[in-house]
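A closer look at the structure
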Number of protein chains: 2
Amino acid sequence: MTEQHVVTLPRATAKRIPLYYRYLCMYRAEGVTRIKSHELSKSIHIPAATIRRDFSCFGELGKSGYGYDVSHLIDTFARMLRVDELHKIALLGVGNLGRALIQNNFRRNDNLRITCGFDNQCPEIGTIINGVPIYHMDQLAEKIREQGITTAISTVPSVHAQEAVAQLTEAGVRSILNFAPARLKVPEGVHVKYIDLTSEIQTLMYFADAENTQNNMEEAIATFAEPE
Amino acid sequence: MTEQHVVTLPRATAKRIPLYYRYLCMYRAEGVTRIKSHELSKSIHIPAATIRRDFSCFGELGKSGYGYDVSHLIDTFARMLRVDELHKIALLGVGNLGRALIQNNFRRNDNLRITCGFDNQCPEIGTIINGVPIYHMDQLAEKIREQGITTAISTVPSVHAQEAVAQLTEAGVRSILNFAPARLKVPEGVHVKYIDLTSEIQTLMYFADAENTQNNMEEAIATFAEPE
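All values reported here derive from a predicted model rather than from experimental measurement.

A few points about the interface of chain B and chain A
Listed per partner, the contact involves 68 residues of chain B and 68 residues of chain A. For the pairing of chain B and chain A, the buried interface totals around 6,300 Å² over both sides, and the portion due to carbon and sulfur atoms is 65%. Counting the surface chain B buries against chain A, the share from its top three residues, Arg183(B), Leu204(B) and Tyr206(B), is 11%. The interface formed by chain B and chain A holds 6 salt bridges in total. A salt bridge links Glu200(A) to Lys193(B); the nearest nitrogen and oxygen atoms lie 3.8 Å apart. Inspection of the region where chain B meets chain A yields 16 residue pairs in polar contact (both at pLDDT 80 or more). Of the residues in the side of chain B that touches chain A, the class split is 35 nonpolar, 20 polar and 13 charged.

Quick look at the sheet that holds strand 9 (residues 175-178) of chain B
Residues and elements named next belong to chain B. The 7 strands are arranged 6-7-5-4-8-9-10 in an open sheet whose pairing can be described as mixed. Only two strands of the sheet have a single partner each, and these edge strands are strand 6 (128-129) and strand 10 (191-194). Of the pairings in the sheet, the one linking strand 8 (residues 151-154) to strand 9 comprises 4 bridges and is parallel in character. Looking across to strand 9, one finds that Thr151 is bridged to Ser175. In the packing of helix 7 (residues 140-147) onto the sheet, contacts are made with strand 4 (87-92), strand 5 (112-119) and strand 7 (132-136), and the angle to strand 5 comes to roughly 160 degrees.

Looking at the UniProt feature "domain: CoA-binding" (unreviewed entry) in chain A
When the UniProt feature table is mapped onto this chain numbering, "domain: CoA-binding" (unreviewed entry) sits at residues 82-183 of chain A. The distance from the first to the last C-alpha atom of residues 82-183 of chain A is 29 Å, and the span holds 29% helix and 28% strand.

Here's the deal with the pairing of strand 4 (residues 87-92) of chain A
Strand residues, when the strand is regular, have side chains that alternate between the two faces of the sheet. Residue and element names in this part refer to chain A. Where burial is concerned, most of strand 4 is hidden: 5 out of the 6 residues are buried. Sheet topology places strand 4 next to strand 5 (residues 112-119); 6 bridges connect them, and they run parallel. Residue pairing across strands places Leu91 opposite Gly117, the latter belonging to strand 5. The parallel pair strand 4 and strand 5, bridged by helix 6 (residues 96-104), forms a crossover whose chirality is right-handed. In terms of strand pairing, strand 4 meets strand 8 (residues 151-154) through 4 bridges, oriented parallel. Along strand 8, the bridge assignment pairs Ile89 with Thr151.

Parameters at a glance
Residue positions within a chain follow its written sequence, with the count starting from 1. Both sets of labels track the order of writing: A upward for chains, 1 upward for ligands. In keeping with the predicted nature of the model, local features appear solely for residues at pLDDT of at least 70, side-chain atom pairs appear and are counted solely at 80 or more, and the whole-chain, interface and lining totals rest on all residues. Derived side-chain values reflect all non-hydrogen atoms in the structure, with water molecules and hydrogen atoms excluded from consideration. It only takes one pair of heavy atoms within 4.5 Å for two residues to be counted as in contact. Using a 1.4 Å probe, buried area is obtained as the accessible area two parts lose upon being combined, added over both of them. A pair is scored as a salt bridge if a Lys or Arg side-chain nitrogen falls within 4 Å of a carboxyl oxygen belonging to Asp or Glu. Definition of a polar contact: a pair of N or O atoms within 3.5 Å, with one able to donate and the other able to accept a hydrogen when the atoms are protein atoms, and with sequence-neighbouring residues admitted only if both atoms are side-chain atoms. Note that Gly is not counted as nonpolar here; it falls among the polar residues with everything else outside the nonpolar set of Ala, Val, Leu, Ile, Met, Phe, Trp, Tyr, Cys and Pro and the charged set of Asp, Glu, Lys and Arg. Here, strands pair whenever DSSP counts at least two bridges between them. Helix and strand labels come from DSSP, where a helix needs a run of H or I of at least four residues and a strand needs a run of E of at least two; each type is numbered from the N terminus. In this analysis, axes come from line fits to C-alpha atoms, helices being fitted only over the stretch in contact, and the angle between any two N-to-C directions falls in the range 0 to 180 degrees. UniProt positions are given in the numbering used here, feature names are shortened, and annotations may be inferred rather than shown by experiment. Residue burial is assigned from relative accessible area. The probe radius is 1.4 Å, only protein chains are included, and a residue is buried under 20% of its type maximum, exposed over 50%, and partly exposed in between. Handedness of a crossover: with both strands directed away from the viewer, a clockwise path from the first strand across the helix to the second marks it as right-handed.

See the structure below:
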């Protein structure tokens, strides 16, 4: 039953589960045992109707007007996200960003851990940074298979990313968080999420600009229409 | 006319413009002068129909079967993204990640530049990293107003993020890229984009798991149904 729910969950819902899980854990830590969708909505900035629809995918988790059982939700989401298992992550590209990710190493999440780093030229090859051994790319397939790793983060620049990712997928990696914007070709069944800071900044600035233009236009129109 | 288009562009379309812009510049650099939606679709991994719909927001940019004028598209998007102007960005939180962002400093984009960093305790306060002066948080309002900055990146941990962001918005910042997952309260007209690496990794792993479960189930069913 649980398995089937896991498989048929809508993509947009699945994307929100980590956030729900995080906030519900915060509520439980504060002693909250039941929560209504509109209460959760206020803190998490997701419409209450969306929350109710998302939660309904998991069957009867709450009663109308009575709220959801926080612990029950947490248990359900924890199972989905497999938070009781340690997930090993490989890091590709040990430059400035790669080093920062290794230094931080998901320290606020007990079950996510970068366990090995790879680069083809950084001076740290053969050393250990914050407990994480750094290997040459030549050892990538061997180390990833050895540790049974299926998740990787790549900070390799666009020009080398496709090659690096091909090595990853060949070694069995199926989930890749990629900090280079260029779109990658990956085999079916491999998921890539692009973290593209430049595009994010440009989009943010565009929305701020557009709103500003709109406001200026409305102001101009209002001024124009005002009677003398 | 352009102004109006800028204002009324659908949010989802606006989010794709930076990516279109980047790819079209790559095509132009390779000498391509016209491009069809299905060609662009293949490299950018966005459905051709979506591309056509997006481009149609800008009026007559192409003829059916003939393709779009690459330079015309680039000019249109460049104006929208204001790529000819230097956008100064403030960075909050000069820890591992903040330092990495300053070191990289959008070096592949001439018009985006982190011009100042702020922290309330890092040892680099009063120094310059990769050309970027680092100030104490006490100087934030003064420096941001002085430089007319309206865009910021925050790597401040969740527990301090709300306070830091309040200072930013008071000083005139309207676009914030936030690396802490906790949702922030901001005044109307201020845009926040959350970069939540933990949630991204968890979601990626969930999809890979779900597919795997699905495949295992299908395999199990197939095996079960197979005649002896």
